[in-house]
Amino acid sequence: MGLLAVALSVFSIAIYGGLRTYLNQSLQRGLAATANTLVRDFLAKLPQKGETWVLGEIRESYAATATDHFVRLSVDGRVLYQTSDMHDPTIQLSDLALPASSSPGGYHRQRAKGGRVLVYLQPFTGPDGRVFQVEAGTSLYAVTQTLRWLEKILVLATVVILVFATLGGYFLMEHALRPLVTLTEKAANIGRTRLGERLPVIPTRDELERLTHSLNSMIDRMEQSLDHNRRFSADASHELRTPLTIMRGELEEMLRIDDLPPEAVGNLLSTLDEIDRMSRIVNSLMAITRLDAGGERMNLEKIDLSAIVEATTEHLRLLADEKHLLLGCSSEPEIVVFGDAMRLKQVIVNLVVNAIKYTPSDASTEGDAVGRHGSVLVTVSTTDGFAKLQVTDNGIGISEETLPRVFDRFYRADFARSRDAGGVGLGLAIVKSIVTAHEGSVSIESVLGQGSTVTVLLPLLKAGQTVGSASPEEAAVSEKQIRLQSV
Ligand code: ADP
């Protein structure tokens, strides 16, 4: 719009200036021609024919009828001949100052009562030395009016063109960019849950269509390589399980041998511990990679989350008692979700075990938690169509910098403590996988030294909805026992 405004302004100024120059020059040429004719045809013959003849001829040639121009002949400030006053608009010649005999020739403008006048003055020196002043003039009214009219037209045309061009340009651009907006929105969602979706191909027959095809094939390749990696990890962890079980069995057998030296028993026991740890890692890894690879199927059913939470928390009470922690559970009755009971149980176990793990049993042993008694609270409630499971503890908490990473695989904020407590850094990653597969979300809030709260939101089964009468999508999901989505 700016460029167009500049271009139109330059164009308008050029047209206006050009026309003004042209009109002025043609007026000047006409006036000069009139004055020259008068001098050449009449005044030049003054020496031969005399003043009376000259004046008579001039009078005859330049009729006195009123027009928008005039001719005036004067000498020493005395008018010898002049045509009538100008009209349309009326300008009286007496208003125009008479030139002095010494005035040099040329063009000048004069302002009179009726308007402005352009005058061409041509002096002629007679045989007796007197200077005759020949004036040919014209009113500038017509030219001024024409230029004013042109000015209005140009301003109006510039504004109208600018408005239309801007609106047109805006709509054209919007139309042209609409496919890009659609692509951008789609592209932003791809990969959020899984890579299965593709960009819509808009048949624009141009670079955009080619770009969409290229991006889609790039996503194909990425999906293939991700699938490959996931399958590889899933297979690898699966393959590792058997040798670990065999090693464990064999070590246990060796321990049964009588008269083993005490160092050998110690070594065997610590090796068994390490094998246990490795088994835990392999098991967690297998669970998580299978979820990723879509190889794990979920048994979706209508389940009472409150009941599961209460039962699972009860099972973990022993663990809390061992650490002298208070473990509380409060739940609204009958919060029903559509999910896999086993996996949701795993979510609760992972969260409560973490809370127990990272909460010091006795306040006096932990500098961070002086004066408080370690406690873990599990709550289940509903909010905006979601079941809300919260596990809150007043344990060691997590620092602000590490908080965003706790759902990452193998991430352990407090490596030594986590390792001592048997953690492998996959507990929260598994929670996230399972919750995402249930189309829910998980978040964590924590203050270092004060405690943490993990919140899980799971979509509630709508009122009156049973598994049999679930929405078509859910019914399809239930029939096929949907594959878990990747994290
Ligand atoms: P881990 O097996 O090490 O517990 P998780 O994936 O369960 O692995 O947790 C990742 C990290 O997040 C842990 O190492 C721990 O530092 C931190 N974390 C998890 N839950 C809590 C909690 N309730 N309080 C403090 N830190 C926690």
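Everything below is about the structure shown above.
Along each chain, numbering runs from 1 in the same order as the chain's sequence is written. For a predicted model such as this one, the threshold for reporting local features is a pLDDT of at least 70, and the threshold for listing and counting side-chain atom pairs is 80 or more; totals across whole chains, interfaces and linings nevertheless cover every residue. Side-chain measures here rest on the full set of heavy atoms in the structure, leaving out hydrogens and waters.

A. Structural context of the overall build of the chain. Per the convention used, a helix needs a DSSP run of H or I reaching at least four residues, while a strand needs a run of E reaching at least two, with both numbered from the N terminus. From N to C terminus, the chain includes 12 helices and 12 strands. Categorising residues by exposure relies on relative accessible area from a 1.4 Å probe, with only protein chains included: less than 20% of the type maximum marks a residue as buried, more than 50% marks it as exposed, and the intermediate range marks it as partly exposed. For the chain, the residues scored as buried account for 37% of the 487 residues in total. Contacts in the chain between residues at least 24 apart in sequence constitute 63% of all its contacts with a sequence separation of at least 6. Note on definitions: a residue-residue contact is assigned when non-hydrogen atoms from the two residues lie within 4.5 Å.

B. Here's a closer look at helix H11 (residues 427-437). The element H11 is largely enclosed, with a buried count of 9 among its 11 residues. Of the positions making up H11, those classed as buried are Leu-428, Ala-429, Ile-430, Val-431, Ser-433, Ile-434, Val-435, Thr-436 and Ala-437. In the segment just after H11, Glu-439 is the residue with positive phi, at about 60°.

C. Just the pairing of strand S11 (residues 441-447), in detail. Side-chain alternation along S11 places Val-442, Ile-444 and Ser-446 on a buried face and Ser-441, Ser-443, Glu-445 and Val-447 on a face that remains uncovered. Strand pairing is assigned whenever DSSP detects at least two bridges linking the two strands. Pairing of S11 with strand S12 (residues 451-459) involves 7 bridges; the strand directions are antiparallel. Bridge pairing in S12 places Ser-446 opposite Ser-452. Here S11 folds back onto S12 in antiparallel fashion, the turn holding 3 residues, of which Gly-449 has a positive phi close to 85°.

D. Examining helix H1 (residues 2-41) more closely. Between the first and last residue of a helix there are one fewer steps than residues, each counted as 1.5 Å, and that sum is the expected span. With 40 residues, H1 should cover 58 Å at 1.5 Å per step; its first-to-last C-alpha distance of 58 Å lies within 8% of that length. Taken together, the buried positions of H1 are occupied by Leu-8, Ser-12, Leu-23, Asn-24, Leu-27, Leu-31, Ala-32, Ala-35, Leu-38 and Val-39. The inward-facing, buried residues of H1 contact helix H3 (51-61), strand S1 (69-75), strand S3 (106-111), strand S4 (116-125), strand S5 (131-139) and helix H4 (141-189).

E. Main features of the packing of aromatic side chains. Between 30 and 60 degrees the pair is tilted, below 30 it is stacked and above 60 it is edge-to-face, where a pair is any two Phe, Tyr or Trp rings, Trp via its six-membered ring, whose centres lie within 6.5 Å. What the rule picks out here adds up to 2 aromatic pairs. Ring centres of Tyr-107 and Tyr-120 lie 4.7 Å apart, and the angle between their planes is 45°; on these two criteria the pair is classed as tilted. Within this pair, whereas Tyr-107 is found in strand S3, its partner Tyr-120 is found in strand S4, the two being separated by 13 residues in sequence. The exposure class of Tyr-107 is partly exposed, given its relative accessible area of 38%. As a reminder, the over-ring test applies to NZ of lysine and CZ of arginine, requiring each to be within 6 Å of the ring centre and within 35 degrees of the ring normal. Of note, Lys-49 hangs over the ring of Trp-53, and the distance from its end group to the ring centre comes to 4.9 Å.

F. Region of interest: a nonpolar patch on the surface. Nonpolar side chains collect at one region of the surface, where Val-155, Leu-156, Val-159, Val-160, Val-163, Phe-164, Leu-167, Tyr-170 and Phe-171 lie side by side and expose about 920 Å² of accessible area between them. Turning to its location among the elements, Phe-164 is positioned in helix H4. Judged by relative accessible area, which is 60%, Phe-164 ranks as exposed. Any residue with relative accessible area above 30% and no salt bridge may belong to a patch, with like charges joined within 9 Å and the nonpolar Val, Leu, Ile, Met, Phe, Trp and Tyr side chains within 5 Å. Where accessible areas are quoted, they stem from the Shrake-Rupley method and a 1.4 Å probe; at the residue level, only the protein chains shown are allowed to cover. By convention in these notes, a salt bridge is any Lys or Arg side-chain nitrogen within 4 Å of a carboxyl oxygen on Asp or Glu.

G. The sheet that holds S1, seen in detail. Within the open sheet, the 5 strands sit side by side as S2-S1-S5-S4-S3. Their pairing is antiparallel. Only two strands of the sheet have a single partner each, and these edge strands are strand S2 (78-82) and S3. Strand-to-strand twist of the sheet, defined as the mean angle between neighbouring strand axes without regard to direction, takes the value 30°. Of the strand pairs in this sheet, S4 and S5 are connected by 9 bridges, and their pairing is antiparallel. Counterpart to Val-119 in the pairing with S5 is Gly-137. Axis lines are fitted to C-alpha atoms, over the contacting stretch for helices. Their N-to-C directions set the angle, which ranges from 0 to 180 degrees. Packed on one face of the sheet, H3 meets S1 and S2 and runs near 45° to S2.

H. Representation of a positive patch on the surface. A cluster of basic side chains, namely Arg-20, Arg-109, Arg-111 and Arg-116, defines a positive patch on the protein surface. Within the secondary structure, Arg-109 is located in strand S3. We treat Lys and Arg as the positive residues and Asp and Glu as the negative residues; His and chain ends play no part in the count. A charge is said to be at NZ when it belongs to Lys, at CZ for Arg, at CG for Asp and at CD for Glu.

I. Seen up close, the environment of Arg-40. With respect to the element layout, Arg-40 can be found in helix H1. For Arg-40, a relative accessible area of 54% translates into the label exposed. Between the alpha carbons of Arg-40 and Phe-124 there is a distance of 9.9 Å; along the sequence they are 84 residues apart.

J. Summary view of the packing of helix H9 (residues 341-357) against H11. Running from amino to carboxyl end, H9 crosses H11 at an angle of 150°, the nearest separation of the two axes being 9 Å. Judged on the interaxial angle alone, H11 and H9 are roughly antiparallel. Once H9 is placed against H11, the crossing between them reads as left-handed. Where H9 approaches H11, its residues Arg-343, Gln-346, Val-347, Asn-350, Leu-351 and Asn-354 are matched on the opposing element by Gly-427, Leu-428, Ile-430, Val-431, Ile-434 and Val-435. Basically, the charged four are Asp, Glu, Lys and Arg, the nonpolar ten are Ala, Val, Leu, Ile, Met, Phe, Trp, Tyr, Cys and Pro, and anything else, Gly included, counts as polar. Looking at the contact of H9 with H11 residue by residue, the class counts come to 7 nonpolar, 4 polar and 1 charged. In what follows, roughly perpendicular refers to angles from 65 to 115 degrees, roughly parallel to angles under 35, roughly antiparallel to angles over 145, and oblique to any angle outside these ranges. Left-handed describes a crossing whose near helix is turned anticlockwise from the far helix by less than a right angle; the clockwise case is right-handed.

K. Just the nonpolar core, in detail. Grouped together as the largest cluster of nonpolar side chains are 44 residues, with contacts concentrated most on Leu-305, Val-347, Leu-351, Val-352, Leu-389 and Val-456. Elements represented by at least two residues in this core include exactly helix H6 (262-293), helix H7 (305-315), H9, strand S9 (375-383), strand S10 (386-393), H11, S11 and S12. Ranked by residue count, the leading element in this core is H9, at 8 residues. Those residues in contact with Leu-305 that sit more than four places away from it in its chain are Ile-335, Val-337, Leu-344, Val-380, Ala-387 and Leu-458. Throughout this description, the term nonpolar core refers to a set of buried Ala, Val, Leu, Ile, Met, Phe, Trp, Tyr and Cys residues connected via side-chain atoms within 4.5 Å. Judged by nonpolar contacts, the second largest core, of 28 residues, contains Phe-42, Leu-46, Ile-58 and Tyr-81.

L. Molecular detail of the sheet that holds S10. In space, the 5 strands of this open sheet follow the order S7-S9-S10-S12-S11, with mixed pairing throughout. Of all strands in the sheet, those with a lone pairing partner are strand S7 (326-331) and S11, marking the two edges. Each strand of the sheet is rotated relative to its neighbour by a mean of 15°, with strand direction disregarded. In this structure, S7 lies alongside S9, joined through 6 bridges in parallel fashion. Within the sheet, the bridge partner assigned to Ser-331 lies in S9 and is Val-380. Along the sheet, H7 contacts S7, S9, S10 and S12; its crossing angle with S7, the most-contacted strand, is approximately 170°. Relative to the sheet, H11 contacts S11 and S12, its axis offset from that of S11 by approximately 140°.

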